[in-house]
Amino acid sequence: MLSLTGLPLQIVAAVLAVGVFAATMWLWPKFGGHGWKAWTGRISAFLATQLAVLVAMGLIANGYFGFYSSWSDLLGTNGKPGTVVDHQPNAAATLSVTGEKNMYSAQGSARDRSGVIQEVSVRGPQSGLSSDAFVYLPPQYFQPEYAQSKFPMALVLAGYPGSAEKLITLMQYPASALTAIEEKKLPPTVLVLMRPTLVGNRDTECMDVPGGPQVETFFTSDLPKALSAGYRIGTDPANRAVIGNSTGGYCALKFALRKPDAYRSAISLSGYYTAPIDETTGDLFAGNDRLKQENDLVWLLRNKPAEPVALLLATSYDENNYEGTQAMVGAFKAPTKLSTITLDTGGHNFHTWTREIPPALEWLGKHLTMPQSA
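Everything numeric here is computed off the predicted structure, so don't read it as measured data.

Draft legend 1. Highlighting the environment of A48. Within the fold, A48 resides in helix 2 (residues 36-65). Among the residues examined, A48 registers a relative accessible area of 35% and is labelled partly exposed. In sequence terms A48 and V20 are 28 residues apart; their C-alpha atoms lie 7.1 Å from each other.

Below you can see the structure in the form of structure tokens.
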């Protein structure tokens, strides 16, 4: 079966739409008259054309924005029932590599020149959650002079309901990071690319939902431990950062502000600053107003002791999060550090974010600390 997000399916759908339109134009004169057959023919041709065009446009839009990553995701058949996990004291998070490819294998580049992207599966004993991820290992990871070195890590989160694959193919985080590393703007850094959604298609806003999935615990406790055990990644919070767009941006800032012992640097591209409640999230707070406040980032900056973290917020003058960004700027206090990128114009889309990624990675290079050698 053709991939839901693949180019071949989009081409087939576009060609089919053009074919249906051409057939409608050719057959239209034959549907003349006032009888029921003529009316049925015209209505059927019109609906077939509209349906074919809408399907083609939907597939192209889904391929670009990554709303649904697979047929099972679209049809809702990938939501497995929950599993009870018995937790053990001090149990270790586990990580297994399920695939690997050279970053530029089509050009024949060796991994010690361009790096490697591995697909991994992470299981967290503390949260009881599991997730797939992509891990980009920079070329230095394989070079002899770095054989005893540990590396900083940047967790990269997509928006909801985006896919981790788009972080590689469309937003080109590994390629941008490689360029920044080569230009000495970013230390050799391991990227971990993921969706913020861990349980079916529910948008948990990266929360530990009362009586529900413990997503914040997974990202701030289980994941760093698993990655540090599976790769040569530093264990100091100053060695770790998180960056995301939209929902991923909100999650990135929240992790740094709420769990500074997990991540000391955070970058938000078009992120918002308080968790929405809608049909995709369900009841996140269980009526707990205090919990709702503690997931409001402006409230945290104004009311909680300032944390020694560095935050970068990206927006534009015509973006919906502009006023919220100004509120964040007005609320923070030392020792928190806060920087912004403000574009003259830019929407909530991949084109805007790809303009912000290079300066964001350069900013990150000034705040990530290279770990001590192993």
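Draft legend 2. Representation of a nonpolar patch on the surface within the structure. A surface patch of nonpolar side chains, amounting to about 440 Å² of accessible area, comprises W39, I43, F46 and L47. Owing to a relative accessible area of 47%, I43 belongs among the partly exposed residues under this scheme.

Draft legend 3. Inspection of the packing of aromatic side chains at higher detail. Scanning all chains against the criterion turns up 10 aromatic pairs. Measuring from centroid to centroid gives 6.4 Å for Y141 and Y231, while their planes differ by 70°, and the two rings are edge-to-face. Taken together, the positions of Y141 in the loop between strand 3 (130-137) and strand 4 (153-157) and Y231 in the loop between helix 7 (215-230) and strand 6 (240-245) put the pair 90 residues apart, joining distant regions of the chain. Looking at Y141, the relative accessible area reads 11%, which means it is buried. Overall, the relative accessible area of 8% leaves Y231 in the buried class. When the ring of Y250 is compared with that of Y272, the centres are 5.3 Å apart and the planes differ by 20°; the resulting orientation is stacked. Of this pair, Y250 sits in helix 8 (residues 247-258) while Y272 sits in the loop between strand 7 (265-269) and helix 9 (289-294), and the two are 22 residues apart along the sequence.

Draft legend 4. View of the state of the cysteines. Summed over all chains, the structure comprises 1 disulfide. Paired by a disulfide, C206 and C251 hold their sulfur atoms 2.1 Å apart. Measuring the twist about the S-S bond at about 90°, one finds the C206-C251 disulfide to be right-handed. Taken as a pair, C206 in the loop between strand 5 (190-194) and helix 7 and C251 in helix 8 lie far apart in primary sequence, 45 residues in all. This pair shows no difference in class: C206 is buried, exactly as C251 is.

Rules used in this analysis
Here, residues in each chain are numbered from 1, in the same order as that chain's written sequence. Thresholds applied to this predicted model are a pLDDT of at least 70 for local features of residues and 80 or more for the giving and counting of side-chain atom pairs; totals over whole chains, interfaces and linings are not thresholded and use all residues. With hydrogens and water stripped out, all remaining heavy atoms of the structure feed into the side-chain values. Segments assigned H or I by DSSP are reported as helices when at least four residues long, segments assigned E as strands when at least two residues long, and all are numbered from the N terminus. Exposure categories follow from relative accessible area, calculated using a 1.4 Å probe and restricted to protein chains: below 20% of the type maximum is buried, above 50% is exposed, and the middle band is partly exposed. Note that patches include only residues with greater than 30% relative accessible area and no salt bridge, and the join distances are 9 Å for like charges and 5 Å for nonpolar side chains (Val, Leu, Ile, Met, Phe, Trp, Tyr). Here the Shrake-Rupley method, with its probe set to 1.4 Å, supplies the accessible areas, and only the displayed protein chains count as covering residues. Basic side-chain nitrogens of Lys or Arg form a salt bridge, by our definition, when they fall within 4 Å of a carboxyl oxygen of Asp or Glu. Pairing of aromatic rings covers Phe, Tyr and Trp, the last through its six-membered ring, and needs centres within 6.5 Å; plane angles under 30 degrees mean stacked, over 60 mean edge-to-face, and all others mean tilted. The disulfide criterion used throughout: a pair of cysteine sulfur atoms within 2.5 Å.

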